[in-house]
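# Coordinate inspection notes
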Amino acid sequence: MHPAPLTADSTATWEIARPSRPAATPGVSMAGFRIRGGGGPPGLRAIPHPAVTLAVEFGGRPFELHGAQGRVRSESLTAGLGFSAFEVSAEDVACVQIRLSPLVAHPVLGLPLSELRGSVLALDDLWGPAVTRLRERLHHARTWPERFDLVEAELTARLRIGRDVEPEVAWAWRRITADHGRTRVDDLAAHLGWTRQRTWSRFGSQIGLTPKRAAMLVRFDHAVHRLARGATPTQVAADTGYADQSHLHHDVRAFTGTTPVTAAREPWLAADARAWPTR
C-alpha cells in the first residue's frame, strides 16, 4: 500500500492511501486522504454513495460544509445513506474516510439508520469523546497501515455490541446492490413472503431509505461512475435501466444538484476511482 498523488482538479492535489488487504469485516471500506491546496467555499462537491460515510480528520484542519443543512464545521463527519450533495472546503486536510454498508452501519453507529436519513452530522454526536481519542491516535500514528488498524479496531469493538439487521432485510439490500438498483419492490416482497407494506416498513426502519429510494441511489451510483469513466449519457441511460436520457438527467440532478456532464467531472469521483477502484 503506497499513497498515490492524484491531481483531482486544477487547484488541489490528493494523496490517497488504501489498505493493502480488505477489512476483516465485510461491508467496511477505508481510504486515507491528504488534500493539499484548493478549498475555500465553495470547494469540492461530496456526492451520495450507497453507503454510510464516516470521515475522521487528524491534521487539525476541520471540514467546512455548505449544504441544505447550512454551514457545518467539524473534525469528524457522518453522512447518512442518500445524503444530499454538499460542498466541502478541504484545504490541507488529512483524514481517514470509512464507507459502511448499511448492514454494518446499523450496529456500528448504535442507532437505526432511519434517524440518519439523508443527514450529515458530526461523528462526535454519535460516539462522543471516543472520536477525540481516535483522532489523537490517528494523529500520532506514523503510517497509513497503523491508522487503518486503529480504525478497524474501533469498528470491530462497536460491532460486537451492536444490533444486527434482520436477515430478510439484509437479503433485500444485497439483492438491490447486486442488480445495480434495477430490482422491483414487488419482487423483493414476493421472494420474502412479505406484503409490500411490511417490506417497505422493515427495510426503511433498518436501512434508512425505502426500498425504492435505495434502488434509485444504487442505480444512480452505478450510472454516475460509468459517466465518470467516459460513457455518454445516452449509453448510460440505455445500459442502466433508465427509461431514457431525461430520466437519467432527473436522477443525477436529484442526487447531485447538477447535470450528468458536470457530475462526471466532479473531483470526488476522480478520487473515488483511486480510493475504491472498480474490481
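All values reported here derive from a predicted model rather than from experimental measurement.

### Considering the overall build of the chain
- Along the chain, the regular secondary structure elements total 12 helices and 11 strands.
- In terms of C-alpha radius of gyration, the chain reaches 18 Å, essentially the compact-globule figure of 19 Å for 279 residues.
- C-alpha extents for the chain along the principal axes are approximately 50 × 45 × 35 Å.
- Each of the 279 residues in the chain was classed as buried or not, and the buried ones make up 52%.
- Intrachain contacts of the chain at a sequence separation of at least 6 include 70% that bridge at least 24 residues.
- In the structure as shown, the chain presents an accessible area of about 12700 Å², 50% of it carried by carbon and sulfur atoms.
- Here the chain holds 34 positive side-chain charges and 28 negative ones, and the gap between their average locations is 2 Å.

### Here we look at the packing of helix H7 (residues 196-207) against helix H8 (residues 211-228)
- Packing of H7 against H8 leaves a shortest axis separation of 8 Å and a crossing angle of 60 degrees. Of the possible angle classes, the one that applies to H7 and H8 is oblique. In this structure, H7 uses Thr199, Trp200 and Phe203 to contact H8, whose residues at the interface are Pro211, Lys212 and Ala214.
- A breakdown of the residues in the contact of H7 with H8 according to their chemical character gives four nonpolar, one polar and one charged.

### Some details on the packing of aromatic side chains
- All chains considered together, the criterion is met by eight aromatic pairs.
- Consider the rings of phenylalanine 33 and tryptophan 276, whose centres lie 6.2 Å apart with planes at 50 degrees: the pair is tilted. Taken together, the residues span a long stretch of sequence, with phenylalanine 33 in strand E3 (residues 28-37) and tryptophan 276 in the segment after helix H12 (267-275) at a distance of 243 residues. With respect to class, phenylalanine 33 is no different from tryptophan 276; both count as buried.
- Centre to centre, the rings of phenylalanine 58 and tryptophan 144 are 5.7 Å apart; their planes meet at 75 degrees, and the pair counts as edge-to-face. On the criterion of sequence distance, the pair formed by phenylalanine 58 in the loop between strand E5 (52-57) and strand E6 (63-67) and tryptophan 144 in helix H4 (residues 144-161) is long-range, its members being 86 residues apart. There is no split in this pair, since phenylalanine 58 and tryptophan 144 are both buried.
- One aromatic cluster is present, built from ring pairs that chain together Trp14, Phe33, Trp268 and Trp276.
- The aromatic ring of tryptophan 276 is capped on one face by arginine 99, whose charged end is 4.0 Å from the ring centroid.
- In this structure, arginine 202 is placed above the aromatic ring of tryptophan 194, and the distance from its NZ or CZ to the ring centre is 5.3 Å.

The rules behind each value
Residues numbered from 1 in each chain as written. Predicted model: local features only at pLDDT ≥ 70, side-chain atom pairs only at ≥ 80, totals over all residues. Heavy atoms only, no water. Helix = DSSP H or I, 4+ residues; strand = E, 2+ residues; numbered from the N terminus. Rg over C-alpha atoms; globule rule 2.2 N^0.38 Å. Buried < 20%, exposed > 50% of the residue type's maximum accessible area, 1.4 Å probe, protein only. Contact = heavy atoms within 4.5 Å. Areas by Shrake-Rupley, 256 points an atom, 1.4 Å probe, with all protein chains shown as cover. Lys, Arg positive; Asp, Glu negative; His and termini not counted. Charge placed at Lys NZ, Arg CZ, Asp CG, Glu CD. Axes fitted to C-alpha atoms, helices over the stretch in contact; angles between N-to-C directions. Parallel < 35°, antiparallel > 145°, perpendicular 65-115°, else oblique. Nonpolar A, V, L, I, M, F, W, Y, C, P; charged D, E, K, R; others polar. Phe/Tyr/Trp six-rings, centres within 6.5 Å; stacked < 30°, edge-to-face > 60°. Lys NZ or Arg CZ within 6 Å of the ring centre and 35° of its normal.

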